[in-house]
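Residue-level structural notes
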Amino acid sequence: MAAPMTPPPTTTTSTDADRVPERRTASGRRVMEASDCRRNVVERTVVGRVVPGAGSDPDRRGGVARNGRGGRTRDPATIGPDSTGNVRPSQARSRSVTTPGRRWFGTRAGGAVSYGRRSPPKESPDVSAAASTTTTSLGDPPAWFTDALAVEAEPGEVEVDGVVVRYRSWGPPGDGLVLVHGGAAHARWWDHIGPLLARPEGRRVVAMDLSGHGDSGSRTGSYSLAGWADEVVAVAEASGTGPLPTVIGHSMGGMVALTAAQRHGEGLAGAVVVDTPVREQTPEETAARDQRAFGPLRVYPTREQAIARFRLVPDQEAQLPYVVAHIAEHSLREVEGGWSWKFDPAVFARSAMVPADLAVPGCRVALFRAEHGLVPADMGEMIVDRLGNGVPLIEIPTAAHHVMVDHPLSLVTGLRALLADWRHSRAHRRA
């Protein structure tokens, strides 16, 4: 259609009710707004293209923008629900663009830009649920992830001090690995990691639920690192992961691994600690005691409403949305009146691991730290010095605390390399 000879100063496009009315000069030239500049820059950079820097990192393939709908990334101590329902503001630099009926945001993490829907305010629960569920549909998970989940795990259980402890295993029986989750987490955090560690060596890999977590039973008394360390040994024996298993623990699970190395080191091939801070309180304990998270378990009417409240504790900006979605879906159990989280809040009443608790273990130990995690370089050196062994201190570049959530393949690569070295070398003990 030809433009009118004398256009009005302002015209409104009737085909899109959500668009801001265009302003035109008397000569008919469209006046460009500042928001238009931002939108044009974003659309030329993202829509229909692979974002530079995102496709080169296999850990971030879920964050590659596809038709403007890449997965949301955030930067990682333990993923858990925020019982207060608060939505934490992003700490990353963000850009926004308005499209009909939607609000999208982009964050920079490690040089990659990915896009997802902005978290809605707390007072809009219906919008919050929608925003959370769309995270699972923003782009298809990469093949390595779906292939790992397709590997069937063998379930098992063992009773330890009157409580049933459950686990999942991959690979044939023999010397292998026991994977220990962090506080308020569970075995399914390792679903995309376990199968990759089981191959190509064909080793046995077991992911367990500590008591008070996941599908394991809860204790009427108190929880302790020593008690959980005993559970690790019991699971290793019951699952056929021996006679010399290696224990790998993340966050609070790293404390359990170190405690097992001190109590049962002669029966272990080694212990690996992944971004485990050793200080007066863990971030989970601090959040629980400040009543910011991990309080009395709430019951949500629907599963979708509960998943919409799933949060990282502490929060982080970098995360692969398909990994978070899988973990969230397995973090709930059906209870009377609806759905609730699969952990006992009493697990945070235990004593923390402090530097004075570190002692020379009876087996090899290795320490992984995330570059942007909870273990600063000086803390890592302190832990190594107190353990008294030739302990390797390995940094995972650009990773945040929840390494299996933002850099899972980097974590697998590092663990494979370490385990291969341990298999063909002797432990070096410093004088």
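Each value, and the rule that gives it
- Just so you know, the residues in each chain are numbered from 1, in the order the chain's sequence is written.
- Where totals are concerned, whole chains, interfaces and linings use all residues; where local detail is concerned, this predicted model gives features only for residues with pLDDT of at least 70, and gives and counts side-chain atom pairs only at 80 or more.
- Each side-chain value is worked out from all heavy atoms of the structure, with water and hydrogens disregarded.
- For every element, the axis is a line fit to its C-alpha atoms; helices are fit only across the contacting stretch, and the angle between N-to-C directions ranges from 0 to 180 degrees.
- Numbering of helices and strands starts at the N terminus; helices are DSSP runs of H or I of at least 4 residues and strands are runs of E of at least 2.
- Roughly parallel means an angle under 35 degrees; roughly antiparallel means over 145; roughly perpendicular covers 65 to 115; every other angle is labelled oblique.
- Each crossing gets its handedness from the near helix: less than a right angle anticlockwise from the far helix is left-handed, clockwise is right-handed.
- Contact definition: two residues touch when any of their heavy atoms are within 4.5 Å.
- The residue classification treats Ala, Val, Leu, Ile, Met, Phe, Trp, Tyr, Cys and Pro as nonpolar and Asp, Glu, Lys and Arg as charged. All others, Gly included, are polar.
- In this scheme, a residue with accessible area under 20% of its type's maximum is buried, one over 50% is exposed, and one in between is partly exposed, where area comes from a 1.4 Å probe on protein chains only.
- Only centres within 6.5 Å qualify two rings of Phe, Tyr or Trp (six-membered ring in Trp) as a pair; their planes then separate them into stacked at under 30 degrees, edge-to-face at over 60, and tilted for everything else.
- Whether a charge sits over a ring comes down to the Lys NZ or Arg CZ being within 6 Å of the ring centre and within 35 degrees of the ring normal.
- Only when DSSP finds a minimum of two bridges between them are two strands counted as paired.
- Any pair of nitrogen or oxygen atoms within 3.5 Å is treated as a polar contact; in protein, a donor-acceptor pairing is required on top of that, and neighbouring residues in sequence qualify only through side-chain atoms on both sides.
- In this scheme, a helix's expected span is set at 1.5 Å multiplied by one less than its residue total.
- The term salt bridge refers to a side-chain nitrogen of Lys or Arg lying within 4 Å of a carboxyl oxygen of Asp or Glu.

As for the packing of helix α3 (residues 143-150) against helix α9 (residues 321-329)
- One can describe the packing of α3 onto α9 by two numbers: an axis separation of 11 Å at closest approach and a directional angle of 25°. In terms of axis orientation, α3 runs roughly parallel to α9. Where α3 crosses over α9, the handedness of that crossing is right-handed. Mapping the contact onto sequence places Trp144, Phe145 and Leu149 in α3 and Tyr322, Val323 and His326 in α9.
- When grouped by side-chain class, the residues that make up the contact of α3 with α9 number 5 nonpolar, 1 polar and no charged.

Focus on the environment of Leu374
- Among the structural elements, Leu374 can be located in the loop between β17 (364-372) and α10 (377-387).
- A residue is classified by how much of its surface remains accessible, and Leu374, at 15% relative accessible area, is buried.
- Once the C-alpha coordinates of Leu374 and Thr276 are considered, the two residues, 98 residues apart in sequence, prove to be 7.1 Å apart.

Observations regarding the packing of aromatic side chains
- The full count for this structure, using the stated rule, is 6 aromatic pairs.
- Arranged with centres 5.8 Å apart and planes meeting at 85°, the rings of Trp144 and Phe145 form a pair that is edge-to-face.
- An aromatic cluster of three or more residues is present, and its members are Trp144, Phe145 and Tyr322.
- A cation sits over an aromatic face here: Arg303 above Trp339, 5.9 Å from the ring centre.

Focus: the pairing of β17
- The buried count for β17 comes to 7 of 9 residues, which makes it a mostly enclosed element.
- Across 5 bridges, the pairing between strand β13 (residues 270-274) and β17 is parallel. Across the sheet, the residue bridging to Val274 is Phe368, located in β17.

Focus: the side chain of Ser211
- Here Ser211 lies in the loop between β11 (204-208) and α5 (225-238).
- At a separation of 3.3 Å, a polar atom in the side chain of Ser211 contacts the side chain of Arg219.
- Within the structure, Ser211 has its side chain in polar contact with the side chain of Trp228 (distance 3.1 Å).
- The residues contacting Ser211, other than those within four sequence positions of it, are Val163, Ser216, Gly217, Arg219, Tyr223, Trp228, Glu231 and Val347.

Re the packing of α5 against helix α6 (residues 252-264)
- In the contact formed by α5 and α6, the axes pass within 8 Å of each other and the chain directions differ by 75°. As the angle between them shows, α5 and α6 are arranged roughly perpendicular. Contacts from Leu225, Ala226, Trp228, Ala229, Asp230, Val232 and Val233 in α5 reach Met252, Met255, Val256, Thr259, Ala260, Arg263 and His264 in α6.
- Tallied by class, the residues present in the contact of α5 with α6 amount to 10 nonpolar, 2 polar and 2 charged.

Overview of α5
- For α5, spanning 14 residues, the distance from its first C-alpha to its last is 20 Å, which sits close to the expected 20 Å at 1.5 Å a residue.
- Close packing links the buried residues of α5 with β8 (154-160), β9 (163-170), β10 (176-180), β11, β12 (246-250) and α6.
- A positive phi of about 75° marks Gly240, the residue just after α5.

Re the environment of Val335
- Here Val335 is to be found in strand β15 (residues 332-335).
- The partly exposed category is assigned to Val335, whose relative accessible area is 29%.
- Counting along the chain gives 36 residues from Val335 to Val299, while the straight-line C-alpha distance between them is 7.7 Å.
- If near-sequence neighbours (up to four positions away) are discounted, Val335 is found in contact with Val299 and Ser340.

Points about the pattern of salt bridges
- Taken as a whole, this structure holds 9 salt bridges when the rule is applied.
- The partner of Arg168 in a salt bridge is Asp191, with the nearest N and O atoms 3.3 Å apart. Residue Arg168 is located in strand β9, and its partner Asp191 is located in the loop between β10 and α4 (194-198); the two are separated by 23 residues in the primary sequence.
- By relative accessible area, which is 3% here, Asp191 ends up buried.
- Here Asp191 and Arg188 are joined by a salt bridge, their closest N and O atoms 2.5 Å apart.
- The structure contains a network of salt bridges with shared partners spanning Arg168, Arg188 and Asp191.

All quantities given are derived from atomic positions and should not be read as evidence of function.
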